[in-house]
Amino acid sequence: MKAISFIFILFFGLLLSSCTRNEEINVKELTDQVQIDNLQKSGIRGIPFPKSSKAMRVKDDVTDIILPDDVFFIAKILSGENAGQVINTSVARVTCSCTKGSGCSPVVYSGNYYCVMNSGCTSCSMSTSANKNNESLQIVGIIDTRNPVKFFAKQESRFTVKEVSVPNQYFISEDFFKNEYVKNEINNIYKFIYGENIPEFIKTNSNEIPDGYGYVKANFFGNEIMFPIEKKNAFMDGIALDFTLASKVSCNCSKGSGCKLGSILGTKYCDAGGCTVCTLIDNAD
């Protein structure tokens with residue numbers, strides 16, 4: 001009888017443990033203004049947490065972020081035999097650790113997932129890894145194919161969108177453009193614009209673009225990127241695009257530090273660095 005009781009207790013314990021590990025948690029939206037200000041000043045980069053994402057508890061301080069269908073992280077592997085590769089993944093494992101005191105909780109703010117200190121914690125850290133092999137990851141961007149590529153214009157159409165309707169919530173870096181999916185999609189955009197006659201200055205990523213060319217901002221699967229287009233051809237379905245001279249493209253940081261203008265694969269973008277409110281500026285002509 002004792003053996004049967006022991007087996008039942010063991011089974012019940014394992015079942016309870018399993019339910020705890022696989023429980024979906026409701027990540028609260030951060031509303032405390034003091035914590036928001038501290039977060040923005042810290043320069044900490046959040047983990048993208050778009051609408052319909054799930055947070056599944058692995059253990060007390062470890063959570064798996066599972067993205068919706070058609071959405072995936074662009075992540076750089078930092079450890080192991082695959083270090084340096086920039087991959088696609090729909091799941092990222094996030095660990096919130098209180099290094100001084102106790103109590104470090106996950107929250108969502110402005111579409112991103114963070115770890116913030118509770119009252120009993122004075123130092124909180126966040127780390128990211130692959131959920132299967134525990135390789136350390138750095139999230140360098142996100143691709144949301146539910147949010148198709150469109151160019152910015154005064155009117156909306158199949159290929160255009162108004163800037164005010166596309167708030168930019170996520171950050172990208174140079175490593176984002178090293179991902180094969182990203183490179184292929186950018187090349188497809190150039191083929192859409194130029195056919196097989198992609199200008200040489202784009203192929204060589206030159207900062208010196210010919211007269212008559214400028215940049216048009218695009219919503220690239222949820223990210224703001226500028227593409228060089230010849231001014232006389234800066235139209236989509238007869239709608240004039242918001243054309244910008246190269247000298248008027250810049251980046252602005254209003255919280256934190258960083259937010260530098262980058263150029264790669266012929267595009268212009270902002271690398272946020274330690275900036276938590278980083279904006280790609282286009283003073284359109």
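### Quick notes on the state of the cysteines
Step number 1: Tallying each qualifying case throughout the model produces six disulfides.
Step number 2: Across the disulfide from Cys98 sits Cys121; the S-S distance is 2.1 Å. Judged by the sign of its S-S torsion, about 115°, the cystine formed by Cys98 and Cys121 is right-handed. Highlighted residues: Cys98 in strand β7 (residues 91-101) and Cys121 in strand β10 (residues 121-129), separated in sequence by 23 residues.
Step number 3: Between the sulfur atoms of Cys104 and its disulfide partner Cys124 the distance amounts to 1.7 Å. Separated by 20 residues along the polypeptide, Cys104 in strand β8 (residues 104-109) and Cys124 in strand β10 bring together distant segments of the chain.
Step number 4: Judged by its relative accessible area of 15%, Cys104 is buried.
Step number 5: The cystine pairing of the protein, numbering bonded cysteines in sequence order, is 1-4, 2-5, 3-6, 7-10, 8-11, 9-12.

### Details of the confidence of the model for the protein
Step number 1: Scored by pLDDT, the protein has a mean of 85; 90% of the residues are at 70 or more.
Step number 2: Highest mean pLDDT in the protein belongs to strand β5 (residues 71-77) (96); lowest belongs to helix α1 (residues 2-21) (45).
Step number 3: Scored below 50 in pLDDT, residues 1-20 makes one contact in the model with residues more than four places away or belonging to other chains.

### Quick word on the sheet that holds β5
Step number 1: Taken in spatial order, the three strands of this open sheet run β6-β5-β11, and their pairing is antiparallel. Both outer strands of the open sheet, β6 (86-89) and β11 (137-144), are each paired with one neighbouring strand and no more. If you compare each strand with its neighbour and ignore which way they point, the axes differ by 30° on average.
Step number 2: The pairing of β5 with β6 spans four bridges and is classified as antiparallel. By the bridge assignment for β6, Lys76 is matched with Val86.

### Here's the deal with unusual backbone geometry
Step number 1: Phi at Ser52 is positive, roughly 80°, even though this residue is not glycine.
Step number 2: Position of Ser52 relative to the elements: it lies in the loop between β2 (47-48) and β3 (54-59).
Step number 3: Residue Ser52 is classed as exposed on the basis of its relative accessible area of 53%.
Step number 4: Phi is positive for Asp70, close to 70°, though the residue is something other than glycine.

Definitions and cut-offs
Residues numbered from 1 in each chain as written. Predicted model: local features only at pLDDT ≥ 70, side-chain atom pairs only at ≥ 80, totals over all residues. Heavy atoms only, no water. Disulfide = S-S within 2.5 Å. Helix = DSSP H or I, 4+ residues; strand = E, 2+ residues; numbered from the N terminus. Buried < 20%, exposed > 50% of the residue type's maximum accessible area, 1.4 Å probe, protein only. pLDDT = per-residue confidence, 0-100. Contact = heavy atoms within 4.5 Å. Pairing = 2+ DSSP bridges. Axes fitted to C-alpha atoms, helices over the stretch in contact; angles between N-to-C directions.

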